[in-house]
Amino acid sequence: MDYRVMTKFQPYIDFYGEYSISPVSQNILDEHLLKHLQRRDALYRHLGIVPSLLKGKSVLEFGPGSGHNAIFTNKQIPAKFVLVDANKTGLEESQKNIAEVTNTDNVEFVYSLIEEYQSEEKFDLVLCEALIPFQLDPVTFVKAPAQFVKENGIFVITCTDSVAVLSDWMKRLYGAILVQGEHNLERRLEILHKPFESHLSSLKGMSRPIDDWLLDNVIQCLDYDIGRGLFSIDEAISALGDDFDAYQSSPNYVNDWRWYKDIHGKDRQYNEIFKEQYIQNIHSSLDYRNSYQPREAKENLKLLSLCDHTFNLIHTMLKKKLVTDKKMVESLKLALLELSDEVRLFNAEAADALSDFKEFLNQIDDPKSYQFTDFIPFWGRGTQYLSLIKKEK
């Protein structure tokens, strides 16, 4: 089956290629390497993958960036590790970075678009991190890497929804307003670096250089069509559910209290339970500083609807370059007011952050003079990792 989406745009690849960059680096020098490896170990544990069990297995990773995450995977000594990327700069940096820390006799580097990669082999573990939601058609795109997972193998992807990434898109809009009218890449970075320094330094666990984050998350969105940036866990399970069972996630949305002896036949229902509990817990994705007990699905579906509306306004403002359009700004202010009232029912800190951004919009004619308070440390849980197990035929 052909999973390619025919378009003149290639999300990520066009931007990275034009400037010969791979803005996804991690600090792994000296003591930072151990911290990085422990973070990846924690992620694998969240996803139900015991790292040591990768020894002797086959692993396929799509879009490895500069290879920093692949270092951990290769340290588990898989028998075969294939990395596929269409960004030449990233692939070259991956080869260099992995070789500096691990033996690469088992590693194969393939220059290819994900949609065009071909192999008769199926793999024990297939990784596709931080790129599917920004594709122009994520539902179709995700099936391309999924086809290379062997039966009972594990597929790891990343997902996003409007609740978890709303803060990111508000910060993108803030950045777009600050650099409006400026098109030079270096000048944009110069304008954005200082204002975003306080935002990013407030984010516990932040491990990327500020300029890399700005390139990948703000500047790329200004000139390149990278899709809506949404592909929720619910959508992913629906797209893959015929062939895969949802397994684990990071953060963990599911707590399955069923007795294992009751889980057989039509009562297995892994996907149904995962989707149900995902919705019941989605409100804890809005602000990474806080987590809460599950809520009624109808309450969180209302929250999701309000976040979707706010997200869509911001996305339209960015895509159509209407970041200071008075009508759009007024619509966004109304959306933020309604959303903050709903959020205040369970998270006053996040509600204050939404109100703070609304006040910024009141001073949009002089954006550089506004002093944020509550909005600076407001970050959602952002990217969500999902592991799935390929069903037996």
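Here the structure is a predicted model, which is why all the values come from computation and not from measurement.

It is worth spelling out the nonpolar core at this point. Of all hydrophobic cores here, the largest spans 102 residues; its most connected members are F155, I157 and F357. Per-element tally for this core: the top contributor is helix α7 (residues 162-178), with 10 residues. Other than its neighbours up to four places away in sequence, F155 contacts V126, C128, V142, P145, A146, V149, L240, F244, L386, S387 and L388. Listed in part, the 20 residues of the second largest apolar core include V59, I71, V107 and L125.

This part covers the side chain of S66. Along the chain, S66 falls in the loop between β1 (58-62) and α3 (68-75). Judged by its relative accessible area of 1%, S66 is buried. One polar contact links S66 to E93, side chain to side chain, over a distance of 2.6 Å. Beyond its immediate chain neighbours, meaning those up to four positions away, S66 contacts S22, V24, G90, E93, S94 and N97.

With an omega of 0 degrees, the peptide bond between S250 and P251 qualifies as cis. Mapped onto the fold, P251 is located in the loop between β6 (244-250) and α11 (270-281). Within the chain, N152 stands out as a residue other than glycine whose phi angle is a positive 70 degrees. Counting through the fold element by element, N152 comes out in strand β5 (residues 149-159). For N152, a relative accessible area of 48% gives the class partly exposed. Unlike most non-glycine residues, K321 shows phi in positive territory, near 55 degrees. Structurally, K321 can be placed in the loop between α12 (297-319) and α13 (326-343).

The next subject is the pattern of salt bridges. In the structure shown here, the tally under the stated rule is 19 salt bridges. With its nearest N and O atoms 3.0 Å apart, the salt bridge here joins K96 to E100. Taken as a pair, K96 and E100 lie in helix α4 (residues 88-101) at a separation of four residues, close to a single helical turn. Residue E100 is classed as exposed on the basis of its relative accessible area of 56%. Here D124 and K150 are joined by a salt bridge, their closest N and O atoms 3.2 Å apart. One end of the pair, D124, is in strand β4 (residues 123-128); the other, K150, is in strand β5, and 26 residues separate them in sequence. Within this structure, R188, D223 and K321 form a network of salt bridges that share partners.

For any two helices packed against each other, one specifies the inter-axial angle together with the distance between the axes. Their axes nearest at 9 Å, the elements helix α8 (residues 185-201) and helix α9 (residues 210-223) cross at an angle of 120 degrees. Regarding the angle of α8 to α9, the classification is oblique. Handedness of the crossing formed by α8 with α9: right-handed. Across the interface between the two elements, L185, R188, L189, L192, H193, F196, E197 and L200 from α8 touch I210, D211, W213, L214, L215, V218, I219, L222 and D223 from α9. Residue composition of the contact of α8 with α9, grouped by class: 12 nonpolar, one polar and four charged.

To continue, consider α3. Counting buried positions along α3 yields six of eight residues, so the element is predominantly enclosed. Those residues of α3 not exposed but buried are H68, A70, I71, F72, T73 and N74. Each element contacted by the buried residues of α3 is listed here: α2 (31-46), β1, β2 (80-85), α4, β3 (107-111) and β4. Of the residues trailing α3, I77 is marked for its positive phi of about 60 degrees.

For the rest of this paragraph, the subject is the layout of surface pockets. Estimated volume of the second largest pocket: approximately 350 Å³. Taken together, 20 residues make up the lining of the second largest pocket; nearest its centre are D245, A246, Y247, Y270 and I389. Secondary structure elements with two or more residues in the lining of the second largest pocket: β6, α11 and β7 (384-390). Sorting elements by how many residues they give to the lining of the second largest pocket places β6 first, with four residues. For the lining of the second largest pocket, the class distribution of residues is eight nonpolar, five polar and seven charged.

The next point concerns the sheet that holds β5. Sheets are built from strands that pair by backbone hydrogen bonding, the pairs being arranged parallel or antiparallel. Spatially, β3-β2-β1-β4-β5-β7-β6 is the arrangement adopted by the seven strands of the open sheet, whose pairing is mixed. Since the sheet does not close on itself, it has two edges, and those belong to β3 and β6, each with one partner. Sheet twist, expressed as the average angle between the axes of neighbouring strands with direction ignored, equals 15 degrees. Where β6 and β7 come together, six bridges link them in antiparallel fashion. Residue pairing in the sheet places A246 in a bridge with L388 of β7. On top of the sheet, α11 reaches β6 and β7; it is set at about 35 degrees to β6, its chief contact.

Parameters at a glance
Here the residue index of a chain counts from 1 through its sequence in written order. Note on the predicted model: pLDDT of at least 70 is required for a residue's local features to be given, and 80 or more for side-chain atom pairs to be given and counted; whole-chain, interface and lining totals, by contrast, use all residues. Computation of side-chain values: all heavy atoms of the structure, hydrogens and water removed. What makes a nonpolar core is a set of buried Ala, Val, Leu, Ile, Met, Phe, Trp, Tyr and Cys residues whose side-chain atoms join them at distances within 4.5 Å. Type-normalised accessible area, obtained with a 1.4 Å probe on protein chains alone, sets the label of each residue: buried when under 20%, exposed when over 50%, and partly exposed for intermediate values. Secondary structure elements are taken from DSSP: a helix is a run of H or I of four residues or more, a strand is a run of E of two residues or more, and numbering for both begins at the N terminus. Every residue pair with non-hydrogen atoms within 4.5 Å of one another is taken to be in contact. In the analysis that follows, any N or O atom pair within 3.5 Å is treated as a polar contact, provided that within protein one partner can donate a hydrogen and the other can accept it, and provided that, for residues neighboring in sequence, both atoms belong to side chains. What makes a salt bridge here is a side-chain nitrogen of Lys or Arg within 4 Å of a carboxyl oxygen of Asp or Glu, nothing more. With axes taken as lines fitted to C-alpha atoms, and helix axes fitted only over the stretch in contact, angles between N-to-C directions fall between 0 and 180 degrees. Just so you know how the angles are binned, under 35 degrees is roughly parallel, over 145 roughly antiparallel, 65 to 115 roughly perpendicular, and the rest oblique. Crossing handedness is defined as follows: a turn of the near helix away from the far one that is anticlockwise and smaller than a right angle gives a left-handed crossing, while the clockwise case is right-handed. Think of it as three bins: nonpolar holds Ala, Val, Leu, Ile, Met, Phe, Trp, Tyr, Cys and Pro, charged holds Asp, Glu, Lys and Arg, and polar takes everything else, Gly as well. Think of a 1 Å grid over just the protein atoms. A cavity is a set of points where a 1.4 Å probe fits yet cannot get out, a pocket is an open set with protein on both sides within 12 Å along at least five of seven lines, and lining residues have an atom within 4 Å of a point. Grid points are joined across faces, edges and corners, and a volume is the space filled by probe spheres set on the points. Two strands make a pair as long as DSSP finds a minimum of two bridges between them.

Function-wise, these values are silent; they only describe arrangement.
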